[in-house]
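Geometric and topological summary
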Amino acid sequence: MDLTSRSRGCMLGGAVGDALGAPVEFMSLERIRATFGALGIVDFAPAYGKPGAITDDTQMTLFTVEGVLRGWARGSLKGIGNLPHMVWLAYQRWLTTQEETRVPSDDTGWLIAQRDLHAARAPGITCLSALREPYREGGARNDSKGCGGVMRTAPIGVMHGAEHAFAFGIACAALTHGHPTGQLPAGMLAAIVAHLVTGQGLDAALDRACQQLVTFDDHAETLAAVRLARELAASTLPSDVAIRRLGQGWIAEEALAIAIYCALVAPSFEAALVRAVNHDGDSDSTGSIAGQILGAWHGPGVIPARWLEALELRDVITQLADDLAGVRGLDFHAYGADVEAFLERYPPY
């Protein structure tokens, strides 16, 4: 597979997992089964008025891509570019889509013009609160390790090599989450994806990302969660029992661990996502992360066609994925596609 296929797999897979988990995000497993049957939710169901609707997880992931691409264009054309700050500015545009009374400081670019993104889909309180504050070098002032930092950083791994992706993923999560364990899983997800899009298998990607992880301070919680996920994937425990041991996914290391476990243990993309969303916790986030990992690993061909057909904003997600893959490793002057169209979508300021 080429990078474009893996980028599409990552972005579309994450959005599909998000949409599958959206209707049950705030349900217990008991209630999910009472509502959808003994197997739980196994297909798209209405959320926010329609099946296939994305949540804030995918919205913020899309704005991460926009920030990364505008930062790349700025750095290439002007020789300057604080990448975390460019992502921060993209998140400010996302914040405008959530608060229609807010006067935007910048409403340029193609993404904010997508009217279907102007919808509040249960945005995280931590993200909203942090983004309402002025930009601060070093990140948010809070002590949150919620999963809102990790669920949006996979595209960084499509764009960058693993070493840079890990550090950049941490920096982007730090924009809203101040606790080290709110940041390190974000860096780790970006690094895992960076390894996967080069053709490595998931076990090898996890090994290498763990080697990177232990070079950072305060890594113990994240490392323990990932190790437990791998141990449980190698065990004979039923999936619902194993996932319960990993947590509920509301905090970053638990969300990453549940997604890793499901990606390792399930026989197919569909089976993995069904496992990833049927539990007591943050179903859309764990579904999204699992979909990003598996999509980067196997490409979009493993995603069931019925889910892709019903997915909200599929064309927008695909365009972003293609643009992301199209610039990796290039200087802007070597960009071979339509430069004017690219700059209209991603103005470098």
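What this report covers is the structure whose coordinates are included nearby.

The rules behind the values
- Residues numbered from 1 in each chain as written.
- Predicted model: local features only at pLDDT ≥ 70, side-chain atom pairs only at ≥ 80, totals over all residues.
- Heavy atoms only, no water.
- Core = buried A, V, L, I, M, F, W, Y, C linked by side-chain atoms within 4.5 Å.
- Buried < 20%, exposed > 50% of the residue type's maximum accessible area, 1.4 Å probe, protein only.
- Contact = heavy atoms within 4.5 Å.
- Phe/Tyr/Trp six-rings, centres within 6.5 Å; stacked < 30°, edge-to-face > 60°.
- Helix = DSSP H or I, 4+ residues; strand = E, 2+ residues; numbered from the N terminus.
- Salt bridge = Lys/Arg side-chain N within 4 Å of Asp/Glu carboxyl O.
- 1 Å grid on protein atoms, 1.4 Å probe; cavity = no way out; pocket = protein on both sides within 12 Å on 5 of 7 lines; lining within 4 Å.
- Points joined across faces, edges and corners; volume = space filled by probe spheres on them.
- Nonpolar A, V, L, I, M, F, W, Y, C, P; charged D, E, K, R; others polar.

1. A few points about the nonpolar core
Across soluble globular proteins, you tend to see nonpolar side chains buried next to one another. Residues Val16, Met188, Ile192, Tyr261, Ile289 and Ile293 are the most contacted members of the largest nonpolar core, which totals 110 residues. For Ile293, the contacting residues outside a window of four places in its chain are Leu189, Leu196, Leu202, Ala259, Ile260 and Ala263.

2. What about the packing of aromatic side chains?
Note on aromatic pairs: each is described by the distance of the centres and the angle between the planes. Applying the stated criterion across every chain, the model contains six aromatic pairs. For the ring pair Phe26 and Trp250, a centre distance of 6.1 Å and an interplane angle of 15 degrees mean the geometry is stacked. Taken together, the residues Phe26 in the loop between α1 (3-21) and α2 (29-36) and Trp250 in the loop between α11 (239-246) and α12 (252-265) connect sequence positions 224 residues apart. The partly exposed category is assigned to Trp250, whose relative accessible area is 33%.

3. A look at the pattern of salt bridges
One pass over the full model with this rule turns up 16 salt bridges. The shortest N-O distance in the salt bridge between Arg70 and Glu66 comes to 3.4 Å. With a gap of four residues between them, Arg70 and Glu66 both fall in helix α3 (residues 56-78), about one helical turn apart. Here the two residues Arg70 and Glu66 agree in accessibility, since each one is buried. Asp106 is the salt-bridge partner of Arg93, the closest N and O atoms lying 2.6 Å from each other. Placement of the pair is Arg93 in helix α4 (residues 83-98) and Asp106 in the loop between α4 and α5 (125-131), with a sequence separation of 13 residues. Here the salt bridges do not stand alone but share partners, grouping Glu66, Arg70, Arg93 and Asp106 into one network.

4. Focus on empty space enclosed by the protein
What the rule picks out here adds up to one cavity of 30 Å³ or more. In this structure, the largest cavity encloses a volume near 30 Å³. For the largest cavity, the full set of lining residues is Met11, Gly14, Ala15, Asp57, Thr58, Thr61, Leu62, Ser288, Gln292 and Ile317. Of all the secondary structure elements, the ones that give two or more residues to the lining of the largest cavity are α1, α3 and α14 (283-298). Grouping the constituent residues of the lining of the largest cavity by class yields four nonpolar, five polar and one charged.

Remember that the coordinates give geometry; whether it matters functionally is a separate question.
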